[in-house]
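Descriptive analysis of the structure
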Amino acid sequence: MNMNKKTVMTITAAAALSFSLLTGCEMSDITEKFVGVASGSSASAEGVSTELPEYVSGQAVVIEQYDATQLVELAQYKGVEVDCTVTDDEIQGDIDTLLEQHPKQVKEGTAENGMTVNIDYTGKLNGKKFDGGEAKGTIITLGESGMIPGFDDGIIGMKVGETRDVDLTFPEDYHDEDIAGKKTVFTMKLNYIEEEAEFNDEFVKENTDYKTVAEYKEATRKQLSETKESGAAATAMDTVIRDSKVSSVPPTLVLAEKEMMRAQMNNQMAMYGMTLEDAIAQQGMTMEQFEQNLEDNGRTMGESELIMEAIAIKENIDFSETAVDAYIDEMLKKNAEASGNGEEMTLDKLNENYTNFYGSAMPFERYMRSSLIYSKVSELVGKEAKIIK
């Protein structure tokens, strides 16, 4: 039983169900997963409807033909500048994270509201322990723990090393019906109070592979720069997508992207034991607001897809059926090598895994073509990028 009442995964309404929340990925990862390539066609932006057709559940969306080069005004995609310099603020951010991970353990003093503390606790109902009511070495911030009412207050005023019994009552609406509304006694022990450590040579020597602050900062600057360089292709691609202009996105393409994201979100919520409807309701959103957010994101994903396709056409990148088949074969081979047990991933199994997670709205073949073209286009843009150090 988890006594923390906060939702395991939050979908922030203020972020309008942003890409990172929809998929748990950064924008560059989203682009890689969802950009697609339509089969070549001659349709233009004129006469393209913006109203989405109705989706038939379980069926693949038939994406209308179009010419991406007529829908996209490409930004410069060769020689895109990627700034890989590292600022002092970025290094300080790394230091701040390190300090958070290795706080100073204060073994004296009294717990006050707002302090971060390490505690042991054991809850008893009618003198007997209950499932999930016991933990050791739990770290909470008093006043912000999300525990049941009165829990944090019971610790405030305790001295380090002190043990105290606190009478508490579980809320009537607590998720575990066996203890909802029941009176309990929690035995709590305050192990220590956490404070931010001083970042000095001693701290560096104890908590890192380096000996001095200067040595740590120099190594961090180099590492951050290398990380930026390794992601230069994705960063350059994000710039191209941001600066290119799309006149319109075919409604069937928006629909396919929208429904694929819905299927993915349903699967992700199921991993947390929630329904998508529950998650939406918890954020105070209406279904109408959610549907509009999902459509807006589907349209944005479609724009990225069109931009990628326009570059592929302009650069004569081969994304024919033969090229896609070869790409899939390569993926299957890599999967077999990575498994290490000789277990082969078949095309049917790959297709099944895709459908189980992403649904049927975006056809598997189109998705794989999308993956191929992203790989080729990002490689091209990355090679041509101008790295600034």
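Fair warning: this is a prediction, and the values are worked out from it, not measured in the lab. (Residues numbered from 1 in each chain as written. Predicted model: local features only at pLDDT ≥ 70, side-chain atom pairs only at ≥ 80, totals over all residues. Heavy atoms only, no water.)

1. Let's talk about the overall build of the chain
Applicable threshold: Labels follow the DSSP assignment, with helices taken as runs of H or I lasting at least four residues and strands as runs of E lasting at least two, numbered in each case from the N terminus. Any two residues whose heavy atoms approach within 4.5 Å are treated as being in contact.
Tallying secondary structure elements over the chain gives 14 helices and 9 strands in all. Pairs at least 24 apart in sequence give 76% of the contacts found in the chain among residues at least 6 apart.

2. Some points on the packing of aromatic side chains
What counts, and what does not: In this analysis, rings of Phe, Tyr and Trp, with Trp reduced to its six-membered ring, are considered paired at centre separations within 6.5 Å, and the interplanar angle assigns stacked below 30 degrees, edge-to-face beyond 60, and tilted for intermediate values. Throughout, exposure labels follow a simple rule: accessible area from a 1.4 Å probe, protein chains only, divided by the maximum for the residue type, with under 20% read as buried, over 50% as exposed, and the rest as partly exposed.
Enumeration over the complete set of coordinates arrives at 15 aromatic pairs. Arranged with centres 5.7 Å apart and planes meeting at 80°, the rings of Phe 151 and Phe 186 form a pair that is edge-to-face. Taken together, the residues span a long stretch of sequence, with Phe 151 in helix α5 (residues 151–155) and Phe 186 in strand β7 (residues 183–195) at a distance of 35 residues. For the residue pair Phe 151 and Phe 186, the accessibility class agrees, reading buried in each case. Cluster of aromatic residues (ring-pair linked, three or more members): Tyr 121, Phe 130, Phe 151, Phe 170, Tyr 174 and Phe 186.

3. Considerations on the environment of Ala 323
Following the sequence through the fold, Ala 323 ends up in helix α12 (residues 321–339). Judged by its relative accessible area of 16%, Ala 323 falls in the buried class. Residues Ala 323 and Arg 369, 46 residues apart in the sequence, show an inter-C-alpha distance of 8.6 Å.

4. A closer look at the pattern of salt bridges
How we decide: Here, a salt bridge means any side-chain nitrogen of Lys or Arg that lies within 4 Å of a carboxyl oxygen of Asp or Glu.
Tallied over the entire structure, the rule returns 15 salt bridges. Salt-bridge contacts for Arg 262 lead to Glu 291; the nearest nitrogen and oxygen are separated by 2.8 Å. You can see Arg 262 sitting in helix α9 (residues 251–271) and its partner Glu 291 sitting in helix α11 (residues 287–314), a full 29 residues away along the chain. Since its relative accessible area comes to 23%, Glu 291 is described here as partly exposed.

5. So, unusual backbone geometry
Although it is not a glycine, Asn 126 adopts a positive phi angle of roughly 55°. Along the polypeptide, Asn 126 turns up in the loop between β4 (116–125) and β5 (128–141). Phi at Asn 316 is positive, roughly 55°, even though this residue is not glycine. Within the secondary structure, Asn 316 sits in the loop between α11 and α12.

6. Overview of the environment of Thr 163
Among the secondary structure elements, Thr 163 is positioned in strand β6 (residues 163–169). A residue is classified by how much of its surface remains accessible, and Thr 163, at 48% relative accessible area, is partly exposed. Considering only alpha carbons, one finds Thr 163 and Thr 187, 24 residues apart in sequence, at a separation of 6.9 Å. Among residues more than four places away in sequence, those in contact with Thr 163 are Met 158, Thr 187, Met 188 and Lys 189.

7. Some words on the nonpolar core
Just so we agree on the cut-off: Think of a nonpolar core as a cluster: buried Ala, Val, Leu, Ile, Met, Phe, Trp, Tyr and Cys residues, connected wherever their side-chain atoms sit within 4.5 Å.
Within the largest apolar cluster, 51 residues are counted, with the highest numbers of intra-cluster contacts made by Met 237, Val 240, Leu 306, Val 377 and Val 381. Put simply, the parts of the chain that give this core at least two residues each are α3 (68–71), α8 (232–243), α9, α11, α12, α13 (347–358) and α14 (364–384). Tallying contributions element by element places α14 first for this core, with 9 residues. If we ignore the near neighbours within four places in the chain, the residues touching Val 381 are Tyr 77, Ala 236, Met 237 and Val 240.

8. Concerning the pairing of β4
Our working rule: Following DSSP output, two strands are said to pair if at least two bridges run between them.
Counting buried positions along β4 yields 8 of 10 residues, so the element is predominantly enclosed. Taken together, the 8 bridges between β4 and β5 define a ladder with antiparallel strand orientation. Across the sheet, Lys 124 pairs through a bridge with Lys 129, a residue of β5. Where β4 folds back on β5, the antiparallel hairpin that results is connected by 2 residues, among which Asn 126 adopts a positive phi of roughly 55°. Alignment of β4 against β7, held across 9 bridges, turns out to be antiparallel. Pairing of Asn 118 across the sheet is with Tyr 192, part of β7.

9. Quick look at a negative patch on the surface
Note the threshold: Surface patches are defined over residues having more than 30% relative accessible area and no salt bridge, joining like charges when they lie within 9 Å and nonpolar side chains (Val, Leu, Ile, Met, Phe, Trp, Tyr) when within 5 Å. Accessible surface is estimated by sampling points in the Shrake-Rupley manner with a 1.4 Å probe; for residues, cover comes only from the protein chains shown. Under this rule, positive means Lys or Arg and negative means Asp or Glu; His and the chain ends count for nothing. In plain terms, the charge of a residue is placed at NZ if it is Lys, CZ if Arg, CG if Asp and CD if Glu.
Together, Glu 321, Asp 325, Asp 329 and Glu 365 make up a region of like negative charge exposed at the surface. At 3 residues, the largest contribution of residues to the negative patch is made by α12. Structurally, Glu 321 can be placed in helix α12.

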